[in-house]
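# Structural overview for review
The residues making up each chain are set out below.
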Amino acid sequence: MSRQALEAASLIPDQMAAAADAEAADTALAASGDASAFERLYRTHVARVHSLVRRMLDADEADDLTQDVFVRAWQKLSTFRGESAFGTWLHRLAVNVVLARRKTLGVERGRYRTDEAALDGVSGRRETPEMSVDFEEALSRLPDGARQVFVLHDVAGYRHEEIARMLGVVPGTSKSQLHHARMALRRYLDR
Amino acid sequence: MNDQWTDRLSEYLDGELAAGERTALEAHLTTCAACRATLDELRKVVARAKALEDRPPSTELWSGIHARLTPGRRPGVSRDATSRRVSFSVPQLLAASIALILLSGSGVWLALQPRSPVRDGPVVVTPAVWTGRTDAAISELQDVLSRSESRLDTATVRVVRENLAVIDRAIAEARNALAADPGNAYLNLHLANTMRRKLELLRRVNAIAAAQS
């Protein structure tokens, strides 16, 4: 067996299952108070949590709120039942922390600017290496309501019914906000 | 350009229209170039969203988190502040493994002594949730090792086998103890730790074997 094949055999087939097993063990250890195990969980999930927070709020809030999410996760580990993956549980907790933060900031729920002028000034580029960065910038300029729904639905993969419960709106509002967000970002694609 | 169907295109894209509306919209799309173009752009927006990559924070956040986790304890030094790239020889790795195994054996002995749980309140993640998958992962790693151990010298293979045997005994003892006391939080955590160490040892030895090729 070649080295490459050997490495593939030793890593790829087992990697996902082993990572899940190691994570389950680390979750159990963290629940018992093992901060080192919790740090491993943090290293695994910090990029996803930080990106979620950055996209749903402002970039300058992301660091503080990411820390809040992990501290909250540590405090709430005793409620984690292992019925879903730790990452799924953590992501939902992060959404809740973000939404609570929005309330304390007094962000008006569901605000949407129908003129889509919020995206004016985003320097769009088509099919370039910077495309993703520009898309993130365009996303950050969406009105709050449309931005929350777009991130939760199209980026994070939640269903409208779940989003409606999280935001305290009806599913129809979630669908409408999503469409407005997509239409606004479509304008960016046209540039 | 907008018409009565423009605001329904996202629902169509997401498969959320009722059958009748879907059929009507598809009929409309055959005649409306503007809606077809908009639909295509909406598809691109959705694809772009799904392709977004998560990026870690540009600053180190763990030390601040750690300080808030354990306010009554002196915060540990951040791993990043002290991390160095180090390499180990095979004997060093095996010595480390043996040390881990001794710790595991001590853990079993301690676990068998009467004691209260390590922490008040229920420990909610039990091995039943994950031991099946871990057993499968260990089995696959052992299969890989059995195929690749010819790349290791005889003495190394012997030491690896001895270490694995000791870990297996520790796991078996933990399982037996758990069978008698399923609710023992310490035993649950000890079993989780021991199985994780076996996974780490197998991965490490497989990596060493791969490096020999």
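Residues numbered from 1 in each chain as written. Chains lettered and ligands numbered in written order. Predicted model: local features only at pLDDT ≥ 70, side-chain atom pairs only at ≥ 80, totals over all residues.

### Side note on the overall build of chain B
Counted only if it meets this: The numbering of helices and of strands both runs from the N terminus, where a helix is a DSSP run of H or I of at least 4 residues and a strand a run of E of at least 2. In this description, a residue-residue contact is defined by the distance between C-beta atoms placed from the backbone, which must lie within 7 Å.
Counting its regular elements, chain B contains 9 helices and 0 strands. Counted over contacts in chain B with a minimum sequence separation of 6, partners at least 24 positions apart contribute 73%.

### A closer look at the overall build of chain A
Note the threshold: Comment: burial labels come from other C-beta atoms within 10 Å of the residue's own C-beta, placed from the backbone, where a count of 20 or more is buried, 12 or fewer is exposed, and between is partly exposed.
Counting secondary structure elements, chain A contains 8 helices and 0 strands. The proportion of buried residues among the 191 residues of chain A is 45%. Taking the contacts inside chain A whose residues are at least 6 apart along the sequence as the reference set, 60% of them involve residues at least 24 apart.

### A closer look at the nonpolar core
Proteins that are soluble and globular tend to have nonpolar side chains buried together. Condition: Nonpolar cores are identified as sets of buried Ala, Val, Leu, Ile, Met, Phe, Trp, Tyr and Cys residues joined via C-beta atoms within 7 Å.
Formed by 81 residues in total, the largest nonpolar core has its most connected members in Val53, Ala94, Val98, Phe150 and Ala181 of chain A. No other element matches the 11 residues that helix α9 (residues 185-212) of chain B contributes to this core. Setting aside residues up to four positions removed in sequence, Val53 of chain A forms contacts with Glu61, Ala62, Leu65, Thr66, Ala94 and Val98 of chain A.

### Description of helix α3 (residues 33-51) of chain B
Residue and element names in this part refer to chain B. As a reminder, the rule being used: Expected span of a helix, by definition, is 1.5 Å for each gap between consecutive residues, and there is one gap fewer than residues. The reported arc concerns the directions from the helix axis to the C-beta atoms and nothing else.
Its 19 residues give α3 an end-to-end C-alpha distance of 27 Å, which sits within 8% of 27 Å, the value for a rise of 1.5 Å per residue. Along α3, the residues classified as buried are Cys35, Thr38, Leu42, Val45, Val46 and Ala49. Seen from one end, α3 has its buried residues packed into an arc of 95 degrees, which puts them on one side. Exposed residues on α3 whose side chains face more than 90 degrees from its buried face are Ala33, Ala37, Asp40, Ala47 and Ala51.

### Quick word on the packing of helix α6 (residues 144-155) of chain A against helix α7 (residues 160-167) of chain A
All names here are of chain A. Our working definition: Helix axes are fitted only over the stretch in contact, all axes being lines through C-alpha atoms; the angle between N-to-C directions runs from 0 to 180 degrees. Between 65 and 115 degrees an angle is taken as roughly perpendicular, under 35 as roughly parallel, over 145 as roughly antiparallel, and anywhere else as oblique. Two helices that cross are described as forming a left-handed crossing if the nearer one is turned anticlockwise from the farther one by less than a right angle, and a right-handed crossing if clockwise. Residues are sorted three ways: Asp, Glu, Lys and Arg are charged, Ala, Val, Leu, Ile, Met, Phe, Trp, Tyr, Cys and Pro are nonpolar, and all the rest, Gly among them, are polar.
At their nearest, the axes of α6 and α7 sit 10 Å apart, and the two run at 140 degrees to each other. In terms of axis orientation, α6 runs oblique to α7. Where α6 crosses over α7, the handedness of that crossing is right-handed. Where α6 approaches α7, its residues Gln148, Val149, Leu152 and His153 are matched on the opposing element by His160, Ile163 and Leu167. When its residues are assigned to classes, the contact of α6 with α7 shows 4 nonpolar, 3 polar and no charged.

### Looking at the packing of helix α3 (residues 59-76) of chain A against helix α4 (residues 62-69) of chain B
Axis separation between α3 of chain A and α4 of chain B bottoms out at 9 Å; the angle between their running directions is 35 degrees. The two elements α3 of chain A and α4 of chain B meet at a crossing, and its hand is right-handed. Between α3 of chain A and α4 of chain B, the residues in contact are Gln67, Phe70, Val71 and Trp74 of chain A and Gly64, Ile65, Arg68 and Leu69 of chain B, respectively. Of the residues belonging to the contact of α3 of chain A with α4 of chain B, the class tally is 5 nonpolar, 2 polar and 1 charged.

### Looking at the confidence of the model for chain A
Residues and elements named next belong to chain A. Applied cut-off: pLDDT: the predictor's confidence for each residue, scored from 0 to 100.
Confidence along chain A averages 80 in pLDDT terms, with 74% of residues attaining 70 or more. Taken element by element, the predicted model of chain A shows its lowest mean pLDDT in helix α1 (residues 3-31) (67) and its highest in helix α2 (residues 35-56) (95). Here residues 108-117 is modelled with pLDDT under 50, and outside its nearest four sequence neighbours on either side it reaches 19 contacts, counting other chains as well. Of the regions scoring below 50 in pLDDT, residues 119-131 engages in 17 contacts with residues more than four places distant in sequence or in other chains.

### Looking at the confidence of the model for chain B
Residues and elements named next belong to chain B. Of all residues in chain B, 66% have pLDDT values of 70 or greater, and the mean over the chain is 72. The least confident element of chain B, judged by mean pLDDT, is helix α5 (residues 79-82) at 38; the most confident is helix α1 (residues 9-13) at 95. Below a pLDDT of 50 lies the segment residues 72-89, which in the model reaches 11 contacts outside its immediate sequence neighbourhood of four places, other chains included. Low confidence marks residues 115-125, where pLDDT is under 50. Its contacts with residues over four positions away, or in another chain, come to 27 contacts. The complex model carries a pTM of 0.59, and its ipTM stands at 0.78.

### A few points about the environment of Glu137 of chain A
Take Glu137 of chain A: it is sitting in helix α5 (residues 131-140). Each C-alpha atom of the pair Glu137 of chain A and Arg55 of chain A lies 9.2 Å from the other, and the pair is 82 residues apart in sequence.

### Remarks on α6 of chain A
Residues and elements named next belong to chain A. Taking 1.5 Å per residue, 12 residues should reach 16 Å; α6 reaches 15 Å between its end C-alpha atoms and fits that length. The buried fraction of α6 is high, at 12 of 12 residues. Turning to α6, its buried residues are Asp144, Gly145, Ala146, Arg147, Gln148, Val149, Phe150, Val151, Leu152, His153, Asp154 and Val155. One or two steps after α6, the chain reaches Gly157, where phi turns positive at roughly 90 degrees.

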